[in-house]
Amino acid sequence: MSETPPLTSIADETAYAEAVQLAVDASAAYYGDGTSTLDDDSYDRLVRGIEAYEAGHPDQVLPTSPTGKVAGGAVVGDVPHTVPMLSLDNVFGPDQLAAWAASLERRLGRPVTAWSVEAKLDGLAVSARYRRGRLVQLVTRGDGQAGEDVSHSIGTVVGLPERLAEPVTVELRGEVMMTTAQFADACAKRQAHDGTTFANPRSAAAGTLRTKDRPYVCELTFFGYGALPLPPGDDSPLAARLRELPHSQIMEWVAGQGVQTTAVTPVAGVLVSDLAAVQARVEEIAAARAGLEFGIDGIVIKCDLAADQASAGFSSRAPRWAVAYKLPATEKITKLLAVEWNTGRTGIIAPRAVLEPVELDGSIVTYATLHNAADIARRGLMLGDSVTVYKAGDVIPRVEAPVVHLRTGEERPIDIPQVCPSCGDAIDAGQERWRCVRGRACRAIASIEYAVGRDQLDIEGLAVNRIQQMLDAGLIADFADLFFLTREQLLGLERMGETSTDNLLAALDRARAQPLSRVFCALGVRGTGRSMSRRIAAHFGTMDAIRAADAAAIQQVDGIGPEKAPVVVAELVELDALIDKLIKAGVNMTQPGARPSQAEVAEAAGEPLDLPLAGMSVVVTGTMTGPLAALSRNEMNELVERAGGKASSAVSARTSLVVAGDKAGSKRAKAESLGVRVASPEEFAGLVAAFL
Ligand SMILES: NC(=O)c1ccc[n+]([C@@H]2O[C@H](COP(=O)([O-])OP(=O)(O)OC[C@H]3O[C@@H](n4cnc5c(N)ncnc54)[C@H](O)[C@@H]3O)[C@@H](O)[C@H]2O)c1
Ligand SMILES: [Zn+2]
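Residues numbered from 1 in each chain as written. Chains lettered and ligands numbered in written order. Predicted model: local features only at pLDDT ≥ 70, side-chain atom pairs only at ≥ 80, totals over all residues. Heavy atoms only, no water.

**Student:** Explanation requested: the sheet that holds strand β9 (residues 220-229) in the structure shown.
**Tutor:** Backbone-to-backbone hydrogen bonds join strands into a sheet, with any given pair of strands oriented parallel or antiparallel. Strand order in this open sheet of five strands is β5-β4-β8-β9-β7, and the pairing throughout is mixed. Looking at the sheet topology across the chains shown, the edges are occupied by β5 (134-140) and β7 (157-158). Here β7 runs beside β9; their pairing, made up of two bridges, is parallel. Counted as the bridge partner of Val158 is Thr221 from β9. Running over the sheet, helix α5 (residues 201-210) touches β4 (124-131), β5, β8 (170-177) and β9 and is turned about 40 degrees from β4. Taken strand by strand, helix α6 (residues 237-244) contacts β8 and β9, and its axis lies near 100 degrees from that of β9. (Pairing = 2+ DSSP bridges. Helix = DSSP H or I, 4+ residues; strand = E, 2+ residues; numbered from the N terminus. Contact = heavy atoms within 4.5 Å. Axes fitted to C-alpha atoms, helices over the stretch in contact; angles between N-to-C directions.)

**Student:** What is the right way to read the UniProt feature "binding site: NAD(+)" (unreviewed entry) in the protein from this model?
**Tutor:** Residues annotated by UniProt as "binding site: NAD(+)" (unreviewed entry) correspond here to Asp40, Asp41, Ser42, Tyr43, Asp44, Ser87, Leu88, Glu118, Arg141, Glu175, Lys302 and Lys326. Across 287 residues in sequence, these annotated residues place their C-alpha atoms as far as 27.4 Å from one another, rather than forming a single compact spot. Along the polypeptide, Tyr43 turns up in helix α2 (residues 40-56). For Tyr43, the residues in contact, after removing those within four places along its chain, are Ala23, Ala26, Ser27, Leu38, Pro66 and Gly72. (UniProt positions renumbered as here; feature names shortened; annotations may be inferred.)

**Student:** Is there a simple way to explain the coordination of the zinc ion (ligand 2) in this structure?
**Tutor:** At this site the zinc ion (ligand 2) is bound by Cys420 (SG), Cys423 (SG), Cys436 (SG) and Cys442 (SG), with donor distances of 2.2 to 2.3 Å. Taken together, the four donor atoms surrounding the zinc ion (ligand 2) define angles of 103 to 113 degrees at the centre, an arrangement classified as tetrahedral. The sequence pattern formed by the donor residues of the zinc ion (ligand 2) is C-x2-C-x12-C-x5-C. Taken together, the residues Cys420 in the loop between β17 (398-402) and β18 (427-428) and Cys442 in the loop between β19 (435-436) and α11 (444-451) connect sequence positions 22 residues apart. As far as burial versus exposure is concerned, Cys420 and Cys442 are alike and both buried. (Donors = N, O, S within 2.8 Å, 3.2 Å for Na, K, Ca; no water. Tetrahedral: all angles 85-135°; square planar, octahedral: opposite > 155°, others 65-115°. Buried < 20%, exposed > 50% of the residue type's maximum accessible area, 1.4 Å probe, protein only.)

**Student:** Would you explain the pattern of salt bridges in this entry?
**Tutor:** Pairing between side chains of opposite charge can happen when their charged atoms approach one another. Counted by the stated rule, this structure contains 35 salt bridges. In this structure, Arg378 engages Glu432 in a salt bridge whose closest nitrogen and oxygen atoms are separated by 3.3 Å. Placement of Arg378 in helix α10 (residues 373-379) and of Glu432 in the loop between β18 and β19 is noted, with a sequence separation of 54 residues between them. In this structure, Arg526 engages Glu571 in a salt bridge whose closest nitrogen and oxygen atoms are separated by 3.3 Å. Placement of the pair is Arg526 in the loop between α15 (516-522) and α16 (530-540) and Glu571 in helix α19 (residues 564-574), with a sequence separation of 45 residues. What makes Arg526 partly exposed here is its relative accessible area of 24%. What makes Glu571 buried here is its relative accessible area of 1%. Because the salt bridges share partners, they merge into one network encompassing Arg435, Arg440, Arg526, Glu571 and Glu574. (Salt bridge = Lys/Arg side-chain N within 4 Å of Asp/Glu carboxyl O.)

**Student:** Sorry if this is basic, but what is going on with the site of ligand 1 here?
**Tutor:** As a matter of local geometry, ligand 1 sits amid 24 residues, with Ser36, Asp44, Ser87, Arg141 and Glu175 nearest to it. In the environment of ligand 1, a nitrogen atom lies 3.0 Å from a nitrogen or oxygen atom belonging to the side chain of Glu118. Notes on ligand 1: free accessible area 840 Å², of which the protein chains cover 91%. Among the elements of the structure, α1 (13-31), α2, β3 (115-121) and β11 (296-303) are those that each provide at least two residues to the shell around ligand 1. Residue classes in the shell around ligand 1 are distributed as twelve nonpolar, three polar and nine charged. (Near = heavy atom within 4 Å. Polar contact = N/O pair within 3.5 Å; in protein donor to acceptor, adjacent residues only side chain to side chain. Areas by Shrake-Rupley, 256 points an atom, 1.4 Å probe, with all protein chains shown as cover. Nonpolar A, V, L, I, M, F, W, Y, C, P; charged D, E, K, R; others polar.)

**Student:** What's the story with the packing of aromatic side chains in this structure? I'm lost.
**Tutor:** For any pair of aromatic rings, geometry is given as the distance between the ring centres together with the angle between the planes. In total, this model carries six aromatic pairs according to the counting rule given. Here the aromatic rings of Phe223 and Phe294 are separated by 4.9 Å at their centres, their planes lie at 50 degrees, and the arrangement is tilted. A residue pair is termed long-range when its members are at least 10 positions apart, and Phe223 in strand β9 and Phe294 in the loop between α8 (275-288) and β11 qualify at 71 residues. On the accessibility criterion, Phe223 (4% relative accessible area) is buried. On the numbers, 6.1 Å between centres and 80 degrees between planes, the contact of Phe314 with Trp321 is edge-to-face. Look at Phe314 and you get partly exposed, because its relative accessible area is 48%. We note Arg202 situated over the ring of Tyr30; from NZ or CZ to the ring centre the distance is 3.6 Å. The ring centre of Tyr367 lies 3.6 Å from the NZ or CZ of Arg352, which sits over that ring. (Phe/Tyr/Trp six-rings, centres within 6.5 Å; stacked < 30°, edge-to-face > 60°. Lys NZ or Arg CZ within 6 Å of the ring centre and 35° of its normal.)

**Student:** Where do I start with the pairing of β9 in this structure?
**Tutor:** Extensive coverage of β9 is indicated by the burial of eight of its ten residues. As paired elements, β8 and β9 share eight bridges and run antiparallel to each other. The partner of Glu175 across the bridge, within β9, is Phe223.

**Student:** Please clarify how the packing of α11 against helix α12 (residues 464-472) should be interpreted in this entry.
**Tutor:** Relative placement of two packed helices is described by the angle separating their axes and the distance separating the axes. α12 packs onto α11 with a crossing angle of 130 degrees between their chain directions and a minimal axis gap of 10 Å. Regarding the angle of α11 to α12, the classification is oblique. The handedness of the crossing between α11 and α12 comes out as right-handed. Of the residues in α12, those in contact with Ala444, Ile445, Ile448 and Glu449 of α11 are Val464, Ile467, Gln468 and Leu471. Of the residues assigned to the contact of α11 with α12, the class counts are six nonpolar, one polar and one charged. (Parallel < 35°, antiparallel > 145°, perpendicular 65-115°, else oblique. Left-handed = near helix turned anticlockwise from the far one by under 90°.)

**Student:** It is not clear to me how the domain arrangement of the protein should be interpreted in this structure. Could you clarify?
**Tutor:** In many reports, interface size means the accessible area that the parts give up when they come together. According to the domain assignment, the protein consists of domain 1 (13-74), domain 2 (80-326), domain 3 (331-416), domain 4 (439-512), domain 5 (516-603) and domain 6 (610-691). Computed over C-alpha atoms, the centres of domain 1 and domain 3 are 29 Å apart. Between domain 1 and domain 3, the residue contacts involve seven residues of the former and five residues of the latter. Buried area between domain 1 and domain 3, both sides added, is near 460 Å², and the carbon and sulfur share of it is 57%. Together, Thr35, Thr37 and Asp39 form the three largest contributors to the area buried by domain 1 at its contact with domain 3, with a combined 68%. Counting every contact that joins domain 1 to domain 3 gives one salt bridge. In this assembly, domain 1 and domain 3 are joined by four residue pairs in polar contact (both at pLDDT 80 or more). Taken together, the residues of the side of domain 1 that touches domain 3 sort by class into one nonpolar, four polar and two charged. (Domains from an automatic or database assignment. Buried area = accessible area lost by both parts, 1.4 Å probe.)

**Student:** Quick question: what am I supposed to make of the sheet that holds strand β23 (residues 677-679) here?
**Tutor:** The four strands are arranged β21-β20-β22-β23 in an open sheet whose pairing can be described as parallel. Where the open sheet ends on each side, the last strands, each with one partner, are β21 (646-648) and β23. Going from strand to strand, the sheet's axes swing by 30 degrees on average, the running direction of each strand aside. As defined by bridge partners, strand β20 (residues 617-621) adjoins β21 across three bridges and the pair is classed as parallel. Counted as the bridge partner of Val619 is Ser648 from β21.

What follows is the structure, given as structure tokens:
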């Protein structure tokens, strides 16, 4: 796969001039109040198109062209920087990174001694000037030579203290941004104030930092990534240290002054000595991206030693000793075409956005979640709006916000349903998440279909139309009723012969013996899927123990937080009758092999349990073969957990073992680059033979 990203093609001089104007306007809006008409991908394509045209027509290059300039040359400032605030050059993959490093080492005439690898924070750069330990001035990057004074924001930026630990005079540099929570709060405040909202966290941060006299205050976040002597010619001992220390030690000093750095996040900067380790950290940061509380758009790789930085030097636009490894855009602008309302398995009524299809992080996105009606109101969304859509990794795409400055006046309000879209009965709108008053009964068919599925009770021969037929005939109302069906009742159904009847009864008997993890999963408790059900079953061992647990006890299960725990307890109360019916039907209510008391005893005594995968985090990827060929991914994960391991889906440095079957692509490669042990399905089967 080519690492070079696509570009806008520019046909002639007129198109070139238009492209330059569009880029300059977009940039001015982007760095100004954040109201660009383009998303980053479109802007970057455009600039690459401009670059390509200029390479072929050097005589036509316009002086206003954004290429080779900090901030595309579109912004100005009146506070000169002590040392220019530059941009970063980009690479788009491992090969380009290697080529960049090789050319840097040629320039240095020696290998780079140490690399610092850190997250590229997606906000805006500021310079924070401290005198005798007090924050006295805050300046934006501007055109790199001079920026704008935004000192009015001092006091609203978390992580940027008004006083340092020591009374030092120093200039700190870092990124101002909004966390997910700060962004939600800012949108709500603006919505309440003027009925509009911010398009995304970055533009909200840009607008907030620069605006004076807003009637409402929005909180921002700062992460430091550099420190300089102030003034530049200062010859104090501190200035000398800042000129000589490696970047990594300067960052430790910055954190020691009480300034926030990424050291407190899952994407802390690390120091490594070779390019393979750089690439491994790049992949770890990329994998952590979707779970972060703030946006990152890449990874910054820097020479750590001051001597290496000094010999590499700067171009007019960027340092030569650092580079940005760009990650794919996780956010794009597209059109909200419609909103669909659906009642789910548990009776929850949820809206779903239908979008003009857009490519995001490697897949085409057509639908996105909108959470609930309150959320739509909070975001002030309208049909026909241009919206920012976010998707990273495996997360479900979500509509972030309308792009208010792209409105045409044609937008219409979104219809909010008055009755359940599935059964027409009333809606219980007492909670943020609306629910059909019939609850689970509204979509019994969906609940039953889920319960009998391959990863739950695994009842073969029960297709949806068969379930519908039984519901229509009044034979069942929920999946527990299946276990009470008689041979005569089944034979009485249309198109149900002797053989299918016997097969179904046999399948039901097998289902009675399924482990608790699967029986629990079949209940379809909100917020608990397959892996969570396995954890709950392993933790408690019996259904009685699960039912006896209060929220505090449920929260002991790995991955259940204070928000989810009470939901699980409430759901179990609601499912009381169904569970009783299952017990009466003779369905198994215990987890084989779960010996919580024994496990706790062993853990307390500090001895690992005598299981082959005890203490190991295992990732299964690719198609299984040999003795494991018939196992689904869920069954593989069950196997891992039976053998004492923890099943996980993402490879990281903490992974103990990757079971790689046929066509195991990126996860296998990642394991190899991180030096994580890789086993074939056959080897793994040998390891856990006793648990197969
Ligand atoms: N949508 C638009 O209309 C529009 C217009 C202009 C620019 N842009 C976007 O802006 C980007 C280019 O912006 P740029 O020129 O500011 O360069 P850049 O953001 O790609 O790189 C330089 C910046 O990275 C930041 N940074 C984050 N983490 C850092 C770290 N750990 N160490 C050092 N620096 C760190 C600093 O703010 C620095 O100024 C492009 O991705 C482009 O898509 C978009
Ligand atoms: Zn309903």
